[in-house]
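Residue-level structure breakdown
These are the residues of each chain, in order.
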Amino acid sequence: MHARHKLACLAALPLLGLGGWFVLRDSSLFSVDQVSVVGLSPNALPAVSDQLLAAAHAQTTTDFSTAALRSAVARYTLIDDVTVQTHFPHGVRIEVAERHPIAWLDVAGQGFALAADGGVVTGLARAGPLAVLHSVRYPWNGHSRDPFVLLALRVLIDAPAPLRHRVAAITIADGALTIHLHRGPRLIFGNDALLHAKWDSAAAVLADASSRGASYIDL
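Parameters at a glance
- Residues numbered from 1 in each chain as written.
- Predicted model: local features only at pLDDT ≥ 70, side-chain atom pairs only at ≥ 80, totals over all residues.
- Heavy atoms only, no water.
- Helix = DSSP H or I, 4+ residues; strand = E, 2+ residues; numbered from the N terminus.
- Expected span 1.5 Å × (residues − 1).
- Buried < 20%, exposed > 50% of the residue type's maximum accessible area, 1.4 Å probe, protein only.
- Polar contact = N/O pair within 3.5 Å; in protein donor to acceptor, adjacent residues only side chain to side chain.
- Pairing = 2+ DSSP bridges.
- Axes fitted to C-alpha atoms, helices over the stretch in contact; angles between N-to-C directions.
- Contact = heavy atoms within 4.5 Å.
- Parallel < 35°, antiparallel > 145°, perpendicular 65-115°, else oblique.
- Left-handed = near helix turned anticlockwise from the far one by under 90°.
- Nonpolar A, V, L, I, M, F, W, Y, C, P; charged D, E, K, R; others polar.
- Salt bridge = Lys/Arg side-chain N within 4 Å of Asp/Glu carboxyl O.

**Regarding helix α4 (residues 147-158)**
- Counted at 1.5 Å a residue, the expected span for α4 with its twelve residues is 16 Å, and the 17 Å between its end C-alpha atoms agrees.
- Along α4, the residues classified as buried are F148, V149, L151, A152, L153, V155 and L156.
- N-capping of α4 is provided by D146, with a side-chain oxygen placed 2.8 Å from the backbone N of F148.

In structure tokens:
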């Protein structure tokens, strides 16, 4: 009998230890007290950072859930992904990957920041200087479905970065696709054919001193 009791006790030890660990890992001994957030731009709403911090502080380093962080900021499409490094016993480093808007959609005076795929980027306090696109169609289910807007986004995607940042607006003027630059002439693309080639030609012409003072460049 004594031998059986000993064997039973020995068999129970791992279970008791495991149960104790499940209790201990969620205790304040391993509470998250120091949190750093990297990758979040100054353009983000303060609420985005606040939600990440609150979700992190509600956990422990020994039982940390990245899914809980993602859930906390799921409403903000600015957040593309969140990864976490825990530093035992009390530290957490949160790395944020953002979706960056490339255009500002104006529908009857209401503005929406748009990513390259036409998705509306939420969670921004300010969007910075972006090319303005006017439409009469509101985004639906978080995306713009306006063919003109999707075309304009393609134009911006194909633009060399230095020129993309100079685009003030894109319009269809007199039936011709037209790019309006800050401190520069209008670029008349006409249509969406050979966008890369047209941007390359525009860059070459703009780099030539003889183009200074031109009101438009027909490409």
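**Some words on the sheet that holds strand β1 (residues 34-38)**
- Taken in spatial order, the three strands line up as β1-β3-β2 in an open sheet, and their pairing is mixed. In the strand order of this sheet, the two ends are held by β1 and β2 (79-87), each with one partner. Neighbour to neighbour, the strand axes of the sheet diverge by 20° on average, direction disregarded.
- As judged from the five bridges shared by β1 and strand β3 (residues 91-98), these two strands associate in the parallel manner. Directly across from V37, in β3, lies its bridge partner I94.
- Those strands touched by helix α2 (residues 46-57) are β1, β2 and β3, and its axis lies near 145° from that of β1.

**A closer look at the packing of α4 against helix α6 (residues 195-207)**
- It is the contact of α4 with α6, at a shortest axis distance of 9 Å, that shows an interaxial angle of 55°. For the element pair α4 / α6, the angle class is oblique. Both α4 and α6 take part in a crossing whose hand is right-handed. Listed contacts from α6 to R154, V155 and D158 of α4 are L195, H196 and W199.
- Here the contact of α4 with α6 is composed, by residue class, of three nonpolar, one polar and two charged.

**Some remarks on the environment of H196**
- Inspection of the secondary structure puts H196 in helix α6.
- Once the C-alpha coordinates of H196 and V155 are considered, the two residues, 41 residues apart in sequence, prove to be 8.6 Å apart.
- Within polar-contact distance, the side chain of H196 engages the side chain of D158 at 3.3 Å.

**Digging into the pairing of β3**
- In the sheet, β2 pairs with β3 via eight bridges, with the strands oriented antiparallel. Following the sheet pairing, I79 is matched in β3 by E98.
- Counted along the chain from β2 to the antiparallel partner β3, the turn is three residues long.

**Details of the pattern of salt bridges**
- This model, assessed by the stated rule, comprises four salt bridges.
- A salt bridge links R70 to D81; the shortest N-O distance between them is 3.2 Å. Of this pair, R70 sits in helix α3 (residues 66-72) while D81 sits in strand β2; the two residues are eleven residues apart in sequence, bridging distant segments of the chain.
- A relative accessible area of 41% places R70 in the partly exposed class.

**What about unusual backbone geometry?**
- With omega at 5°, the peptide bond leading from F88 into P89 counts as cis.
- The topology assignment puts P89 in the loop between β2 and β3.
- In the Ramachandran plot, N141 falls in the positive-phi region, its phi being about 55° despite a non-glycine side chain.
- Since its relative accessible area comes to 61%, N141 is described here as exposed.
- Although it is not a glycine, R183 sits at a positive phi angle of roughly 50°.
- Its location among the elements puts R183 in the loop between β8 (176-181) and β9 (186-190).
- A relative accessible area of 75% places R183 in the exposed class.

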